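Here's the letter readout for the chains.
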Amino acid sequence: DAGVTQSPTHLIKTRGQQVTLRCSPISGHKSVSWYQQVLGQGPQFIFQYYEKEERGRGNFPDRFSARQFPNYSSELNVNALLLGDSALYLCASSRTVEKLFFGSGTQLSVL
Amino acid sequence: AQSVTQLDSQVPVFEEAPVELRCNYSSSVSVYLFWYVQYPNQGLQLLLKYLSGSTLVKGINGFEAERNKSQTSFHLRKPSVHISDTAEYFCAVSLPISGGYNKLIFGAGTRLAVHP
């Protein structure tokens with residue numbers, strides 16, 4: 001089975017722009033979570049979605065939004081990009097809380 | 001607030017030597033505990049997890065960890081490391097969010113560097 005796939009793998013944007021990151025979960029997984037990993041730090045929780053509904057949100061500004069589609073894929077949107085948004089964005093899918101499967105991430109650079 | 005502290009940012013070790021990566025957590029509720037590994041330019045891979053029961057858990061690649069409830073620690077150990085174990089290791093706790101769902105709180109990571 002294919003793992004969690006994320007696209008694009010790398011992205012370069014300038015301050016003030018908007019970006020959309022995409023995630024396809026493992027087949028059969030209905031839950032998708034998003035994490036931000038700034039260089040030198042551990043991942044930080046952004047969102048969790050289950051059955052197309054937001055189930056949890058981390059301490060991130062309203063510039064960050066997400067959605068989940070009927071096929072359980074998900075998009076993360078970030079508006080009005082700041083330099084500090086430069087990070088590796090990780091998507092994880094799961095059937096149960098005990099085991100998350102992470103994708104390889106999207107490396108976002110904001111110039 | 002819940003937190004996870006990895007006590008060493010970097011751990012250098014020679015090949016075939018034992019290693020311990022230390023992790024402390026703060027939590028007033030029962031939590032699930034995890035160790036993840038991240039190789040360069042890759043996502044996170046689950047090494048092992050503690051959910052309940054025996055405090056000693058074994059994971060992949062010869063790693064094991066022991067939960068110490070009184071000290072709120074969950075240290076990761078391996079008796080003999082290989083060059084291929086060179087990676088970033090993250091300790092995490094799973095905490096409930098609304099609606100019965102959970103999120104992971106990660107430590108800052110420990111870079112394990114195995115030298116020949």
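Calculation criteria
Residues numbered from 1 in each chain as written. Chains lettered and ligands numbered in written order. Predicted model: local features only at pLDDT ≥ 70, side-chain atom pairs only at ≥ 80, totals over all residues. Heavy atoms only, no water. Helix = DSSP H or I, 4+ residues; strand = E, 2+ residues; numbered from the N terminus. Rg over C-alpha atoms; globule rule 2.2 N^0.38 Å. Buried < 20%, exposed > 50% of the residue type's maximum accessible area, 1.4 Å probe, protein only. Contact = heavy atoms within 4.5 Å. Areas by Shrake-Rupley, 256 points an atom, 1.4 Å probe, with all protein chains shown as cover. Lys, Arg positive; Asp, Glu negative; His and termini not counted. Charge placed at Lys NZ, Arg CZ, Asp CG, Glu CD. Buried area = accessible area lost by both parts, 1.4 Å probe. Salt bridge = Lys/Arg side-chain N within 4 Å of Asp/Glu carboxyl O. Polar contact = N/O pair within 3.5 Å; in protein donor to acceptor, adjacent residues only side chain to side chain. Nonpolar A, V, L, I, M, F, W, Y, C, P; charged D, E, K, R; others polar.

Moving on: the overall build of chain B. Helix and strand counts for chain B come out as zero helices and 12 strands. Reading the helices (α) and strands (β) of chain B from amino to carboxyl end gives β-β-β-β-β-β-β-β-β-β-β-β. Relative to its length of 116 residues, chain B is compact, with a C-alpha radius of gyration of 14 Å against a globular reference of 13 Å. Taking the principal axes of its C-alpha atoms as reference, chain B extends roughly 50 × 30 × 20 Å. Sorting the 116 residues of chain B into buried and exposed places 47% on the buried side. Here the analysis covers contacts within chain B between residues at least 6 apart in sequence; of these, 54% occur between residues at least 24 apart. Accessible surface computed for chain B: about 5,700 Å², of which carbon and sulfur atoms make up 50%. Taking the average place of the 9 positive charges on the side chains of chain B and the average place of its 8 negative ones, the gap between the two points comes to 11 Å.

Attention now goes to the interface of chain A and chain B. Interface size is commonly expressed as the accessible area that is lost once the parts come together. At the interface, 20 residues of chain A touch 21 residues of chain B. Both faces combined, the contact of chain A with chain B buries some 1,700 Å², and carbon together with sulfur accounts for 61% of it. The interface formed by chain A and chain B includes zero salt bridges. Linking chain A with chain B are two residue pairs in polar contact (both at pLDDT 80 or more). At the level of secondary structure, the elements contributing two or more residues to the side of chain A that touches chain B comprise strand 4 (31-37), strand 5 (44-50), strand 6 (53-57) and strand 9 (87-94) of chain A. With three residues, strand 5 of chain A is the largest single contributor of residues to the side of chain A that touches chain B. Residue classes in the side of chain A that touches chain B are distributed as nine nonpolar, eight polar and three charged.

Each neighbour pair has its own omega, and for Ser7 of chain A with Pro8 of chain A the value is -10°, a cis peptide bond. Backbone geometry places Glu16 of chain B, a non-glycine residue, at a positive phi of 75°. When you line up the elements, Glu16 of chain B lands in the loop between strand 2 (10-14) and strand 3 (19-21).

Taken by themselves, the reported measurements are silent on function.
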